[in-house]
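Residue-level structural notes
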Amino acid sequence: MAPMPGPPAPPRPHGLDPDGFFLREGSLTRVPGAFRPVVAAVRERLPEVFGARLDGAYLYGSIPRGTARVGSSDLDLLIVLREEPADADRAAVRALGEALDREFPEIDGAGTLLYGRERLLSEPERYDMGWFLACLCTPLLGTDLAGLLPRYRPDSRLARETNGDLARLLPRWRERIAAAGDDEAARRRLVRFMSRHLVRTGFTLVMTRWNGWTSDLREMAEVCGAYYPERAAQLLTAAEYGREPVGDPRVLRGHVDDLGPWLAAEYARVHGVKGPGPDEAF
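Rules behind the numbers
- Residues numbered from 1 in each chain as written.
- Predicted model: local features only at pLDDT ≥ 70, side-chain atom pairs only at ≥ 80, totals over all residues.
- Heavy atoms only, no water.
- Helix = DSSP H or I, 4+ residues; strand = E, 2+ residues; numbered from the N terminus.
- Rg over C-alpha atoms; globule rule 2.2 N^0.38 Å.
- Buried < 20%, exposed > 50% of the residue type's maximum accessible area, 1.4 Å probe, protein only.
- Contact = heavy atoms within 4.5 Å.
- Areas by Shrake-Rupley, 256 points an atom, 1.4 Å probe, with all protein chains shown as cover.
- Lys, Arg positive; Asp, Glu negative; His and termini not counted.
- Charge placed at Lys NZ, Arg CZ, Asp CG, Glu CD.
- Salt bridge = Lys/Arg side-chain N within 4 Å of Asp/Glu carboxyl O.
- Pairing = 2+ DSSP bridges.
- Axes fitted to C-alpha atoms, helices over the stretch in contact; angles between N-to-C directions.
- Core = buried A, V, L, I, M, F, W, Y, C linked by side-chain atoms within 4.5 Å.
- Parallel < 35°, antiparallel > 145°, perpendicular 65-115°, else oblique.
- Left-handed = near helix turned anticlockwise from the far one by under 90°.
- Nonpolar A, V, L, I, M, F, W, Y, C, P; charged D, E, K, R; others polar.

**Structural notes on the overall build of the protein**
Secondary structure assignment for the protein yields 11 helices and four strands. For a compact globule of 282 residues, the expected C-alpha radius of gyration is about 19 Å, and the protein comes in at 19 Å, within 12% of that figure. Overall, the C-alpha framework of the protein stretches about 70 × 50 × 45 Å when taken along its three principal axes. For the protein, with 282 residues in total, the buried portion stands at 49%. Within the protein, contacts between residues separated by at least 24 positions form 75% of all contacts whose residues are at least 6 apart in sequence. Carbon and sulfur atoms make up 53% of the accessible area of the protein, which totals about 13,700 Å². Averaging the positions of the 38 positive and the 41 negative side-chain charges in the protein gives two centres separated by 2 Å.

**Quick notes on the pattern of salt bridges**
Taken as a whole and assessed by the stated rule, the structure comprises 24 salt bridges. Close ionic contact of R192 with D74 constitutes a salt bridge, the shortest N to O distance being 3.9 Å. Placement of the pair is R192 in helix α8 (residues 184-210) and D74 in strand β2 (residues 73-81), with a sequence separation of 118 residues. The class of D74 is buried, set by a relative accessible area of 16%. In this structure, R218 and E222 form a salt bridge, with 3.4 Å as the shortest nitrogen-oxygen distance.

**Points about the sheet that holds strand β1 (residues 54-60)**
Taken in spatial order, the four strands of this open sheet run β3-β2-β1-β4, and their pairing is mixed. Two strands bound the open sheet, and with one partner strand each, they are β3 (107-116) and β4 (137-142). This sheet shows a mean twist of 25° between the axes of neighbouring strands, independent of strand direction. Two elements, β1 and β4, share five bridges in a ladder whose sense is antiparallel. Residue pairing in the sheet places Y58 in a bridge with P139 of β4.

**With respect to the nonpolar core**
Core analysis: the biggest nonpolar cluster contains 58 residues, and F22, L78, W131 and L133 have the highest contact counts within it. No other element matches the 11 residues that α8 contributes to this core. Listed in part, the 25 residues of the second largest apolar core include F35, V38, A41 and L54.

**Comments concerning the pairing of β2**
Burial runs high along β2: nine of the nine residues are buried. Sheet analysis places β1 next to β2, joined by six bridges and oriented antiparallel. Bridging from a neighbouring strand, G56 pairs with V80 of β2. Looking at chain direction, β2 and β3 are connected through eight bridges and run parallel. Note on β3: the bridge partner recorded for I79 is L114.

**A closer look at the environment of E103**
The residue E103 is located in helix α3 (residues 87-103) in this model. Residues E103 and V38, spaced 65 residues apart in sequence, show a C-alpha to C-alpha distance of 8.7 Å.

**Points about the packing of α8 against helix α11 (residues 249-271)**
Between α8 and α11, the least distance of the axes is 10 Å, while the angle of their chain directions is 20°. Between α8 and α11, the angle falls in the class roughly parallel. Judged by the twist between their axes, the crossing of α8 over α11 is left-handed. In terms of residue class, the contact of α8 with α11 is made up of 14 nonpolar, eight polar and two charged.

Following this line, the structure appears as structure tokens:
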């Protein structure tokens, strides 16, 4: 009798250089033509908003990777100021994102991360936002801080510092679900965000074993599912919801009551728990 087949092998690892360090993903040359006008608008408007306080700006996500879809992909930005941002800066960023979303139908929203230079280069951020900037962000304006950061490998420390805080996030997610109530559009946004977060957390859980990097949600789900076949279908479904979200409250409950708690517990077992950040307290 032939033996039962085992779980499928994960896709071949990639995303690292021959020495095992992350290759920086994304490039301005990969920005699809349809998205170049909105990128040009960002390049023009950010100096008008922040002036000399602007240290640098970066694109990340599907637009600089060249995989963005017109009308359904969002514009993802990381903005770095020479000093810590204030509430007025955050309000200005929200206003800019809303204006870009209104003016450019090619994007489905604009998400912006706003940091001060000192914090971004600090030791607590070295293996979280520092890695994110150096490896997943494409320079758009100003100073590129990647040269002040180390080279990174897909090791357990990186896994812990990037996504080892899921257990602390889940109670907040439940609060956001409750606040969304019967607003289907709000639930859809939460499904998209939480699905992506969980798939990426699943991938970084096994990243050290796979020894590679990808930002493709489906591939992330396939890689994790190859190591945890009992969760493979659930992860692939979450990857689909990350691309094509629904407003179904049952999906959200499944994320915070099943997949999320399992991932948090397994992550703590394998990599440990990330310590609280500078804005957190027990």
